[in-house]
Amino acid sequence: MLSFKRRDQKKRMGKRLQNFRYIDGFLLLLVTLLVAGGTIIIGSANGWVYDSEHFSLDHLMVRQLLGYGLGLAAIAVIMVCDLRFIKWMAVPAYVVVLFLLVLVLRIGVGADEGDDVRRWLEIGGQSLQPSELGKIALTLTLAWYLDKYQEYNKKFLYWVIAGGIAAVPLLLIFKEPDLSTSIVIVAIFISVMFAAQI
């Protein structure tokens, strides 16, 4: 019985690893080129000059490349994750992000001392911007909701709830104020609705 379970687990993992076949190589190349170009621009704006004898990267450049690497790692993890787990974590992630967004309005900090803008949480000397996590949590939660209750898509309440799911983080982010992320939240809402063919 135990060996059958192991075989079944290996079979499922093998199927998940096959997801890597669907990576769009051209899109990945474009993103890599954009990151490389952006990294050079960030460095040059900060006074970095290429020196072949004493090669080093500016700290902002390292941060940009680290973000790219973490993004690739996150993609790889998601591609091998069980879809049921991603669905299961959608609503808890959304609730945590809403809590963090409320916390930002209470104890958040801005770019400068005395700034009325509150976008970041200071945690152990590191800055966390919950509105960025909100983009992911909103996408997952909307997808979960639209999938779970798709048989009700002809009812008005279905649309109201979907709009409410997007409106709560949108209003909290707009209150920070963060107009650019608010616009992205609206774009995410429209994109997910379009992807769901509603």
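Below, the structure is looked at part by part. Position numbers for residues count from 1 along each chain, tracking the sequence in the order it is written. Only residues with pLDDT of at least 70 get local features here, since the model is predicted, and only at 80 or more are side-chain atom pairs given and counted; chain-wide, interface and lining totals rely on the full set of residues. Excluding hydrogens and water, the side-chain figures rest on all heavy atoms present in the structure.

## Quick look at the overall build of the protein
Starting at the N terminus, helices and strands are each numbered in turn, a helix being any DSSP run of H or I of at least four residues and a strand any DSSP run of E of at least two. If you tally the helices and strands in the protein, you get 7 helices and 2 strands. For the protein, the N- to C-terminal ordering of α and β elements is α-α-α-α-β-β-α-α-α. Here the contacts in the protein between residues at least 6 apart in sequence split such that 59% fall between residues at least 24 apart. Summed over its atoms, the accessible surface of the protein is roughly 14,000 Å², and 67% of this surface lies on carbon and sulfur atoms. In what follows, residue pairs with any heavy atoms lying within 4.5 Å of each other are defined as contacts. Per-residue accessibility takes into account occlusion by the displayed protein chains alone, with areas from the Shrake-Rupley method and a 1.4 Å probe.

## Some remarks on the packing of helix H2 (residues 25-45) against helix H3 (residues 59-80)
Here H2 crosses H3 at 160°, and the two axes come no closer than 8 Å. If you check the angle between H2 and H3, you find them roughly antiparallel. In the packing of H2 onto H3, the handedness of the crossing is right-handed. Across from Leu28, Val31, Thr32, Val35, Thr39, Ile40, Ile42 and Gly43 in H2, the residues of H3 making contact are Leu60, Met61, Gln64, Leu65, Tyr68 and Leu72. Partitioning the contact of H2 with H3 into residue classes produces 10 nonpolar, 4 polar and no charged. Where helices are involved, their axes are fitted lines through C-alpha atoms of the stretch in contact, as for all axes, and angles between N-to-C directions lie from 0 to 180°. Should an angle fall under 35 degrees it is called roughly parallel, over 145 degrees roughly antiparallel, and 65 to 115 degrees roughly perpendicular, with every other angle called oblique. Left-handed is the label given to a crossing in which the near helix is rotated counterclockwise from the far helix by less than a right angle, and right-handed is the label when the rotation is clockwise. Just so you know the grouping, Ala, Val, Leu, Ile, Met, Phe, Trp, Tyr, Cys and Pro go in nonpolar, Asp, Glu, Lys and Arg go in charged, and all remaining residues, Gly too, go in polar.

## Quick word on unusual backbone geometry
The omega torsion of the bond from Glu176 to Pro177 falls at -5°, within 30 degrees of zero and hence cis. Mapped onto the fold, Pro177 is located in the loop between helix H6 (156-174) and helix H7 (179-195).

## Here's the deal with the pattern of salt bridges
Opposite charge on two side chains makes pairing possible when the charged atoms of those side chains draw close. Salt bridge, as used here: a side-chain nitrogen of Lys or Arg that lies within 4 Å of a carboxyl oxygen of Asp or Glu. Going through the model one piece at a time under the given rule, you end up with 3 salt bridges. The salt bridge partner of Glu132 is Lys135, with a shortest N-O separation of 2.9 Å. Taken together, the positions of Glu132 and Lys135, both in helix H5 (residues 130-148) and 3 residues apart, correspond to about one turn of that helix. Burial classification: accessible surface area is computed with a 1.4 Å probe over protein chains only, and a residue below 20% of its type maximum counts as buried, one above 50% as exposed, and the rest as partly exposed. Judged by its relative accessible area of 36%, Glu132 is partly exposed.

## Description of the nonpolar core
Here, nonpolar core means buried Ala, Val, Leu, Ile, Met, Phe, Trp, Tyr and Cys residues that are tied together by side-chain atoms lying within 4.5 Å of each other. Leu101, Leu138, Leu142, Tyr145, Leu146, Ala162 and Ile165 are the most contacted members of the largest nonpolar core, which has 19 residues in total. For this core, the secondary structure elements donating two or more residues are helix H4 (83-107), H5, H6 and H7. A per-element tally of this core places H6 first, with 6 residues.

## What about H5?
Each residue after the first adds 1.5 Å to the expected span of a helix. The end-to-end C-alpha distance of H5 is 26 Å, a good match for the 27 Å that 19 residues give at a rise of 1.5 Å each. Where H5 is concerned, the buried positions are Pro130, Ser131, Gly134, Lys135, Ala137, Leu138, Thr141, Leu142, Tyr145 and Leu146. Next to the buried residues of H5 lie H4, strand S1 (121-123), strand S2 (126-128), H6 and H7.

## Points about the side chain of Ser131
Summarising the element assignment, Ser131 is placed in helix H5. Residue Ser131 is classed as buried on the basis of its relative accessible area of 0%. In this view, Ser131 contacts Leu101, Ile173, Glu176, Asp178 and Thr181; residues no more than four positions away in its chain are not counted.

## Examining a nonpolar patch on the surface
On the surface, Leu17, Phe20, Ile23, Leu28, Leu72 and Ile75 cluster together into a nonpolar patch covering about 470 Å² of accessible area. Relative to the elements of secondary structure, Ile23 occurs in the loop between helix H1 (2-17) and H2. Note that patches include only residues with greater than 30% relative accessible area and no salt bridge, and the join distances are 9 Å for like charges and 5 Å for nonpolar side chains (Val, Leu, Ile, Met, Phe, Trp, Tyr).

## Some details on the environment of Cys81
Along the chain, Cys81 turns up in the loop between H3 and H4. Judged by relative accessible area, Cys81 falls into the partly exposed class, the value being 24%. Expressed as a C-alpha distance, the spacing of Cys81 and Leu17, which sit 64 residues apart in the sequence, is 9.5 Å.

## Quick word on the packing of H4 against H5
One way to put it is that H4 packs onto H5 with a least axis distance of 8 Å and a crossing angle of 140°. Accordingly, the angle class assigned to the pair H4 and H5 is oblique. Between H4 and H5 lies a crossing of left-handed hand. Taken together, the residues of H5 that come into contact with H4 (itself represented by Ile86, Lys87, Met89, Ala90, Val91, Ala93, Tyr94, Val97, Leu100, Leu101 and Val104) are Pro130, Ser131, Leu133, Gly134, Ala137, Leu138, Leu140, Thr141, Trp144 and Asp147.

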